[in-house]
Amino acid sequence: MKKNPNPDREYKAQLEHSFLMHIGYEYVEVLCSGLDEVKEEWENVKVPESLDRWMNDFTAQERRMKKKRKYGFLANRFVRKAAVIILFLLVFNNILMASVDAYRLRLLESISYIQESFTQINFDLRSPGYKSSIPMNWDGWFYLTYIPKGYSLYDDNITEQSAMLDFKNAGDGRIILQQVSCASSQQLDTENSTITKIIVNEEEALLIEKDDFKIISWLQDDIALYLQGNNINVRELKKVAENIKRDEK
Amino acid sequence: MLAVLLMIEDDKDRDKLEELYKTYRKELYYVAYQILHDYHDAEDVLQTAFIKISKHLDKIGEIRCKKTRGYLVIIVRNLSYDRFNEKKKAIPIDFTDEMAEEADNETSLEDYVLNLERGRELAEALSKINSGYADLLTLKYYYDYSTSDIADMVNLSYDVVSVRLTRARAALKRILSKGGNMYEEKSESGSGV
């Protein structure tokens, strides 16, 4: 506790205060005694009725003001509480909506693995088909049995995990069949493209359209297939996709 | 029996202000009229007094006690003097600076203690010098009102009340130092504040 530098002065001030309070008390006693001495005079005083009426009106007004202040105070408290509750509900609602959206998004991601501008596609295993003019070591890989008029084999490529057949026509037309074993996964550039679900050979496939390029991606047997065409319509590309066969040796 | 019970007034249910008015209206009207000698002015003063009292109802305890009675009388009296001076355009007499300087000596602790038993005599002496000083001192130290509240209640400025409280204390100290009564001629304009 802070030490009082002037304890005597403070004590004296308190004593003076008490003394003056005592003087005040005695003064009130003197006042009341003085009035008691003239009691007979003031007891017979006639107070004007107008004063009584004024007093009734004033007290009624005070009561109304008091009620108004009380209800105003209660209303104010209620409004503040209601505002806090509404704010809380709004915040909670927004969090919930965001959570629901986030949950929905995560669910979609777990099905299709859509990440920003790329579409990652994984497949389950299915059964095989027949071969056409394809490279000799094309064991186990798919080949096209239907190619639109004017297209011929331009390039091919084969690795342990993947195989590719590239067809071109005299113009800008190109059909590329890429296939990978399901042991690996592919990333497709689907930014600014339209993705549609379709059925190819009774299998669910994705049709991705981006400018002049079209890609049909699906799983057949244990192979992930990506059929890409440019300057070709969807119906024709789909026909190519539905007529691929697997080289069984 | 039921009728008797119904006739019994329950003080708690009555409005405090109404109760104060009902109890003290004749007395207060008498006090105001004694100073103003005009029924309308006395009525106005009482109306003003009760408006001011309504703002400090929380400080009023029991209705029928000397403390409450004294408080109401002090307020009405001071407002009556104020009204009187206003009408007559009179300047109330105050304690002179000379006397205030004379009484500026430090009062010893013994003075306070030894004069406690003379409290009533000192209060009477002070009220005779200037009843307004006694009123202000009482409002300040006995009723424990702030200087600003006192100023509002008696229709004076804060500075004026401060100065008069200082002079009231000085007047009391002078009475103590003189060891007797000190009188000052009351002016025709009316004493009080």
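Residues numbered from 1 in each chain as written. Chains lettered and ligands numbered in written order. Predicted model: local features only at pLDDT ≥ 70, side-chain atom pairs only at ≥ 80, totals over all residues. Heavy atoms only, no water.

Caption draft 1: The arrangement of the overall build of chain A in detail. Of regular secondary structure, chain A possesses 4 helices and 12 strands. Expressed as a percentage of its 249 residues, the buried residues of chain A come to 32%. Partitioning the intrachain contacts of chain A with sequence separation of at least 6 by distance along the chain shows that 52% fall at a separation of at least 24. When the accessible area of chain A is evaluated, it comes to approximately 16,800 Å², of which 54% is carbon and sulfur surface. (Helix = DSSP H or I, 4+ residues; strand = E, 2+ residues; numbered from the N terminus. Buried < 20%, exposed > 50% of the residue type's maximum accessible area, 1.4 Å probe, protein only. Contact = heavy atoms within 4.5 Å. Areas by Shrake-Rupley, 256 points an atom, 1.4 Å probe, with all protein chains shown as cover.)

Caption draft 2: Geometry of unusual backbone geometry. One non-glycine residue, Asn231 of chain A, adopts positive backbone phi at about 55°. With relative accessibility at 44%, the residue Asn231 of chain A sits in the partly exposed group. Within the chain, His37 of chain B stands out as a residue other than glycine whose phi angle is a positive 50°.

Caption draft 3: Here's a closer look at the sheet that holds strand β4 (residues 152-158) of chain A. Residue and element names in this part refer to chain A. Here we have 7 strands laid out as an open sheet, ordered β4-β5-β6-β11-β10-β9-β8, and antiparallel in their pairing. At either margin of the open sheet sits one strand with a lone partner, and together these are β4 and β8 (194-200). With direction set aside, neighbouring strand axes in the sheet form an average angle of 15°. When strand β9 (residues 203-210) meets strand β10 (residues 213-220), the two strands line up antiparallel, connected through 6 bridges. Counted as the bridge partner of Lys210 is Phe213 from β10. Contacts between helix α4 (residues 234-242) and the sheet are confined to β6 (174-181), β8, β9, β10 and β11 (223-230), with β10 contributing the most and set at about 25° to the helix. (Pairing = 2+ DSSP bridges. Axes fitted to C-alpha atoms, helices over the stretch in contact; angles between N-to-C directions.)

Caption draft 4: Region of the structure containing the interface of chain B and chain A. Of the residues lining the interface, 48 residues belong to chain B; the matching set on chain A comes to 39 residues. Summing both sides of the interface, chain B and chain A together bury roughly 4,200 Å²; the carbon and sulfur share of this comes to 70%. In this assembly, chain B and chain A are joined by 5 salt bridges. Taking the shortest distance from any N to any O, the salt bridge between Asp36 of chain A and Arg69 of chain B comes out at 2.8 Å. The tally of links from chain B across to chain A stands at 11 residue pairs in polar contact (both at pLDDT 80 or more). Examining the composition of the side of chain B that touches chain A, we find that 9 residues originate from one element, helix α2 (residues 16-36) of chain B, more than from any other. (Buried area = accessible area lost by both parts, 1.4 Å probe. Salt bridge = Lys/Arg side-chain N within 4 Å of Asp/Glu carboxyl O. Polar contact = N/O pair within 3.5 Å; in protein donor to acceptor, adjacent residues only side chain to side chain.)

Caption draft 5: The arrangement of the pattern of salt bridges in detail. In the structure shown here, the tally under the stated rule is 17 salt bridges over all chains. Here Lys173 of chain B and Glu16 of chain A are joined by a salt bridge, their closest N and O atoms 3.9 Å apart. Within this pair, whereas Lys173 of chain B is found in helix α10 (residues 158-178), its partner Glu16 of chain A is found in helix α1 (residues 7-37), the two belonging to separate chains. Here Lys66 of chain B makes a salt bridge to Glu29 of chain A, at a shortest N to O gap of 3.1 Å. Here Lys66 of chain B, found in helix α4 (residues 66-88), pairs with Glu29 of chain A, found in helix α1, and the two come from separate chains. With a relative accessible area of 39%, Lys66 of chain B lands in the partly exposed category. What you see here is one network of salt bridges that share partners, running through Asp41, Asp44, Arg83 and Lys87 of chain B.

Caption draft 6: Main features of the packing of helix α8 (residues 131-142) of chain B against α10 of chain B. Residue and element names in this part refer to chain B. Two elements in contact, α8 and α10, have axes separated by 9 Å at closest approach and are oriented at 105°. One way to sum up the angle between α8 and α10 is to call them roughly perpendicular. Facing α8, whose interface residues are Tyr133, Leu136, Leu137, Lys140 and Tyr141, α10 presents Arg164, Leu165, Arg167, Ala168, Arg169, Ala171 and Leu172. Of the residues in the contact of α8 with α10, the class split is 8 nonpolar, no polar and 4 charged. (Parallel < 35°, antiparallel > 145°, perpendicular 65-115°, else oblique. Nonpolar A, V, L, I, M, F, W, Y, C, P; charged D, E, K, R; others polar.)

Caption draft 7: Region of interest: the pairing of β6 of chain A. Residues and elements named next belong to chain A. In terms of burial, β6 is largely enclosed, as 6 of its 8 residues are buried. The loop that links strand β5 (residues 162-168) with its antiparallel partner β6 comprises 5 residues. Pairing of β6 with β11 involves 8 bridges; the strand directions are antiparallel. When the bridges of β11 are listed, Ile175 appears paired with Gly229.

Caption draft 8: Broad picture of helix α3 (residues 39-54) of chain B. Residues and elements named next belong to chain B. A rise of 1.5 Å per residue sets the reference length of α3, with its 16 residues, at 22 Å; its end C-alpha atoms lie 23 Å apart and thus fit the reference within 8%. Residues of α3 that are buried include every one of Asp41, Ala42, Glu43, Val45, Leu46, Gln47, Ala49, Phe50, Lys52, Ile53 and Ser54, and no others. Sitting at the head of α3, Asp38 places a side-chain oxygen 2.9 Å from the backbone nitrogen of His40. (Expected span 1.5 Å × (residues − 1).)

Caption draft 9: The nonpolar core, seen in detail. By size, the foremost hydrophobic cluster in this structure holds 68 residues, and its most contacted members are Leu20, Ile53, Tyr71, Leu139 and Leu172 of chain B. Setting aside chain neighbours within four positions, we find Leu172 of chain B in contact with Phe19, Leu20 and Ile23 of chain A together with Leu122, Leu126 and Leu137 of chain B. Trp138, Ile175, Ala241 and Ile244 of chain A belong to the second largest nonpolar core, which has 25 residues in total. (Core = buried A, V, L, I, M, F, W, Y, C linked by side-chain atoms within 4.5 Å.)

Caption draft 10: Seen up close, the confidence of the model for chain B. All names here are of chain B. Per-chain confidence: chain B averages 78 in pLDDT, with 70% of residues scoring 70 or above. Contacts for the low-pLDDT stretch residues 95-104, under 50 throughout, to residues beyond four places or in other chains number 16 contacts. Across residues 180-193 the pLDDT falls below 50, and counting only partners more than four positions away or on other chains, this stretch makes 37 contacts in the model. (pLDDT = per-residue confidence, 0-100.)

Caption draft 11: Up close: the pairing of β5 of chain A. Residues and elements named next belong to chain A. Most of β5 is tucked away, with 5 of its 7 residues classed as buried. In textbook terms, the turn of a hairpin is the stretch between consecutive antiparallel strands, and for β4 and β5 this stretch comprises 3 residues. For β5 and β6, the ladder comprises 7 bridges, and the chain directions are antiparallel. Following the sheet pairing, Ala163 is matched in β6 by Gln179.

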